[in-house]
Amino acid sequence: PSVDLNVVAQSISQGAKPTRKACIGCHAKAGGGDNVKHGDLSTDMVSTTREYDVHMGTDGGNLVCVDCHAANHNPENGEVNHGNAGMSLHSVYEGEMRQCSDCHGSQATIHAGTDAEDLISAGWHKRLACQTCHIPAIARKISTKVEWYWSDAGQDITPPIDPATGRPTYDKKKGTFVWKNNVRPVLRYSNGYWDRMVINATDRYTDEPIQLALPHGDYNDPNAMIYPFKKMVGNQPVDANNKTVLVPHLFGGKGGPNPYWAKYDWDLALKDGAAYTGQTYSGDYTFAATEMLLSVNHEVAPKEQALGAGPIPEACISCHTSDH
């Protein structure tokens, strides 16, 4: 009550941009902890160096988030849309996502005079997105979670500590984890569209591992290119009879009287969740294996660390490890 919001709004300097800390302070902790979910966006990016991200490094581009995640103009009335563009998983389009070529130009232009020039000019590897070579690894400074098993939750045990990362590999509320540094992304064709699990729309499955988020596109799709993705594997509760990926009620009173993190009873938590979401729960649950792919766009490494950097043919083995 003591804060005058009009004064706060009027105090914003003309042309001022939100700091990296203003955005990353929350977004780095998606999934319940630092760099847990995305793997390429940790709190280190608030004040990092070029070694870990050439764009956000204070000794590099020193860019802030909205330099790429930009707002745009509403085509209907010309007004600025203050929503910011995000990942392609967003349901509602807002803002304009800057692309690599907006600043760097075409692949042929940016690679002129480099070891990659011959590959580009010959038309080889034209289906590779920039991120594929220029983000050779993620979680290079702060580890990320690559496996997450909800079926182990609920035990009263002392959480073991991963000696390599210093992070606990168990939490009573969430189950067992695997943490990794220097994670090599998996590569998939993508045309910008996704198959993903949506409650009461695409929440049924037939096979395991269940694909929670899978990019569209393949070699025959002219609009698809090869992009890097973080792969998260694990398991989570599903309806054993109707093959539905269920939404458990985890915490708080709004979702019902039996949050899992209070009573540690999956059946009660799943009944609460079904009542809240409108899903059908038969009363018989099990845990199914899941996989999820997440776009990788941050932690762009210095050019000398890019995959394929160096003379041919030595550079080829960055990706091609056989003669075939």
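Above this note sits the structure.
Quick notes on the rules
- Residues numbered from 1 in each chain as written.
- Predicted model: local features only at pLDDT ≥ 70, side-chain atom pairs only at ≥ 80, totals over all residues.
- Heavy atoms only, no water.
- Helix = DSSP H or I, 4+ residues; strand = E, 2+ residues; numbered from the N terminus.
- Contact = heavy atoms within 4.5 Å.
- Buried < 20%, exposed > 50% of the residue type's maximum accessible area, 1.4 Å probe, protein only.
- Disulfide = S-S within 2.5 Å.
- Phe/Tyr/Trp six-rings, centres within 6.5 Å; stacked < 30°, edge-to-face > 60°.
- Pairing = 2+ DSSP bridges.
- Salt bridge = Lys/Arg side-chain N within 4 Å of Asp/Glu carboxyl O.
- Core = buried A, V, L, I, M, F, W, Y, C linked by side-chain atoms within 4.5 Å.

**Re the side chain of Asn-258**
- If you trace the backbone, Asn-258 turns up in the loop between strand 11 (225-239) and helix 7 (260-263).
- Those residues in contact with Asn-258 that lie beyond four places of it in its chain are His-249, Lys-263, Leu-268, Ala-269 and Asp-272.

**A closer look at the environment of Arg-140**
- Along the polypeptide, Arg-140 turns up in the loop between helix 6 (130-134) and strand 5 (144-149).
- Among the residues examined, Arg-140 registers a relative accessible area of 14% and is labelled buried.
- C-alpha of Arg-140 to C-alpha of Cys-23: the two residues are 117 residues apart in sequence and 20 Å apart in space.
- For Arg-140, the contacting residues outside a window of four places in its chain are Glu-51, Tyr-52, Asp-53, Asn-181, Asn-182, Glu-299, Val-300, Ala-301 and Gln-305.

**Concerning the state of the cysteines**
- Throughout the structure, instances matching the rule amount to zero disulfides.
- Left without a disulfide partner, Cys-68 is nearest to the cysteine sulfur of Cys-103, which lies 6.4 Å away.

**Section: the packing of aromatic side chains**
- Inspection of every chain in the model, using the stated rule, returns 11 aromatic pairs.
- With centroids separated by 5.8 Å and ring planes inclined at 85 degrees, the aromatic side chains of Trp-194 and Phe-229 adopt a geometry described as edge-to-face. Of this pair, Trp-194 sits in strand 9 (residues 194-196) while Phe-229 is found in strand 11, placing the two residues 35 residues apart along the sequence.
- Of the residues examined, Trp-194 reaches a relative accessible area of 14% and is grouped as buried.
- Aromatic side chains Tyr-260 and Trp-266 sit 3.9 Å apart centroid to centroid with 20 degrees between the ring planes, which places their arrangement in the stacked category.
- A relative accessible area of 7% places Trp-266 in the buried class.
- Members of the aromatic cluster, joined through ring pairs, are Trp-148, Trp-150, Phe-177, Trp-179, Tyr-260, Tyr-264, Trp-266, Tyr-285 and Phe-287.

**Considerations on the pairing of strand 5**
- The pairing of strand 5 with strand 7 (residues 175-180) spans five bridges and is classified as antiparallel. In the sheet register, Lys-145 faces strand 7, and the bridge partner there is Trp-179.
- In terms of strand pairing, strand 5 meets strand 11 through three bridges, oriented parallel. Counterpart to Trp-148 in the pairing with strand 11 is Gly-234.

**A short note on the pattern of salt bridges**
- Scanning the model with the defined rule gives seven salt bridges in all.
- With a shortest N-O distance of 3.2 Å, Lys-141 and Asp-44 are connected by a salt bridge. Here the residue Lys-141 occupies a position in the loop between helix 6 and strand 5, and Asp-44 occupies one in the loop between helix 2 (20-27) and strand 1 (69-70), the gap between them amounting to 97 residues.
- Note that Lys-172 is salt-bridged to Asp-156, the shortest N-O span being 2.7 Å. Pair noted here: Lys-172 is in the loop between strand 6 (170-171) and strand 7 and Asp-156 is in the loop between strand 5 and strand 6, with a separation of 16 residues, a long-range link.

**Topic: the environment of Tyr-205**
- By secondary structure assignment, the location of Tyr-205 is in the loop between strand 9 and strand 10 (210-215).
- In sequence terms Tyr-205 and Ile-161 are 44 residues apart; their C-alpha atoms lie 34 Å from each other.
- Tyr-205 has contacts with Met-197, Ile-210, Val-238, Asp-239, Lys-243, Thr-244, Val-245 and Ala-288, leaving out every residue within four places of it along the chain.

**Topic: the nonpolar core**
- Of all hydrophobic cores here, the largest spans 11 residues; its members are Val-36, Trp-148, Trp-150, Ala-153, Phe-177, Trp-179, Met-232, Leu-250, Tyr-260, Trp-266 and Ala-269.
- Counting residues per element, the ones that place at least two in this core are strand 7 and helix 8 (266-277).
- Residue contacts for Trp-266: discarding those within four places in its chain leaves Trp-150, Ala-153, Pro-237, Pro-248, Tyr-260, Tyr-285 and Phe-287.

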